[in-house]
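Examination of the molecular architecture
Each chain, letter by letter, is given below.
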Amino acid sequence: MLLNKSTKIWINYGLGAALSVVLLYLLYVQVVQQLARIETGALWDHASNAYLAAGLLLMPVNLALEVWKWKLLAGSAAPLSWRDAARSYLAGMAFSLITPNRIGEYPGRILFLRRKNTPRLVSVSVLGMFAQLIAVMLFGLAGLIYYNINFPGFWQQLVLAATLLGAVSLVIIYLRFEQWAAALERIRWFRRFRTYKYLMRRFTPREQLGILALSLIRFLVFTAQYLTLLYWMNVSFPVADGFFMAALFFWVMTVIPSVALAELGIRGNVSLALFGHFSDHTVGIIAATAIVWCINLAFPAIAGSLLWARKKLLNIV
């Protein structure tokens, strides 16, 4: 059956609008349910608003670092403007809401860009995910060392050893990605992914280290953001101890299987288990954790969901 032009337009843009509505609704439900755990009256009992201002100001810094990294990655496959890099990043944040451990973030970025060289974008996405994971593992390793020193135990030591092995393996794979790609090509099934090899050789070791450096700096930014918001909520702890606990917190949230739309409750429980060693201000810990979640995930995801509403997902016109 042939479709007239107006019907095709409705189908093209209707899918994007429908996806936007679904994402916004799911996000709304999750925020309402999870923020119900917070006593709103406690938000008035806080420290200097300078801490809140610092936490909010770090949001665009965090976003800019990730957009910069994505522009470097995707730009190696095809020219990419700052505007398109930012828009695809926000769209990926929205798309990640419905995937385990937000693994749909990079596929969402690629789907939003709709470039012809999708295999190459997949390749750079792999490199970007490795860089992000290495950053979390390295700082998580520091947090685990701190935790083992202060709260020693067999299981803590076992997790530390496994994380050390995993971090070393990730670094080796990341820095020698092109060699691994060449080895995989000897396997018949992997020959279809030969594009990986050709694309990865476009990145010099210095460029790969630069991408990794951006991931490490970004980790420091949202760790500082988390700590400032905890201080704003009158949660007291030594700065150094808080940093290592925050690093451990983000590591735990990475290794625990979860879906972004349900992870706020998990975040609250993990933050209580860690920062409860320093403070019994339960409401403050949960509130700061929820605010960080809203600033770094919910707000960008809302913007990304609105972008999907104007996106043409099918080329049938």
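Residues numbered from 1 in each chain as written. Predicted model: local features only at pLDDT ≥ 70, side-chain atom pairs only at ≥ 80, totals over all residues. Heavy atoms only, no water.

**A look at the packing of helix H2 (residues 49–75) against helix H3 (residues 82–95)**
Each pair of packed helices gets described by two things: the angle between the helix axes and the distance between those axes. Between H2 and H3, the shortest axis-to-axis distance is 9 Å and the interhelical angle comes to 110°. On the basis of the axis angle, H2 is roughly perpendicular to H3. In this structure, the crossing between H2 and H3 has a hand that is right-handed. Along its contact with H2, which presents Leu 63, Glu 66, Val 67, Trp 68, Trp 70 and Lys 71, the element H3 presents Trp 82, Ala 85, Ala 86, Ser 88, Tyr 89 and Leu 90. Across the contact of H2 with H3, the residue classes break down as nine nonpolar, one polar and two charged. (Axes fitted to C-alpha atoms, helices over the stretch in contact; angles between N-to-C directions. Helix = DSSP H or I, 4+ residues; strand = E, 2+ residues; numbered from the N terminus. Parallel < 35°, antiparallel > 145°, perpendicular 65-115°, else oblique. Left-handed = near helix turned anticlockwise from the far one by under 90°. Contact = heavy atoms within 4.5 Å. Nonpolar A, V, L, I, M, F, W, Y, C, P; charged D, E, K, R; others polar.)

**Things to note about the nonpolar core**
Trp 70, Tyr 174, Tyr 226, Leu 230, Leu 248, Leu 274 and Phe 275 are the most contacted members of the largest nonpolar core, which totals 75 residues. For this core, the leading source of residues is helix H5 (residues 118–150), giving 14 residues. Beyond its immediate chain neighbours, meaning those up to four positions away, Tyr 226 contacts Ala 246, Phe 249, Phe 250, Ser 271, Phe 275, Ala 288, Thr 289 and Val 292. (Core = buried A, V, L, I, M, F, W, Y, C linked by side-chain atoms within 4.5 Å. Buried < 20%, exposed > 50% of the residue type's maximum accessible area, 1.4 Å probe, protein only.)

**What about the side chain of Glu 66?**
Mapping Glu 66 onto the fold places it in helix H2. Overall, Glu 66 belongs to the buried group, its relative accessible area being 1%. Non-local contacts of Glu 66, meaning those with residues more than four positions away in its chain, are made with Tyr 89, Tyr 106, Arg 109, Gln 132 and Arg 218.

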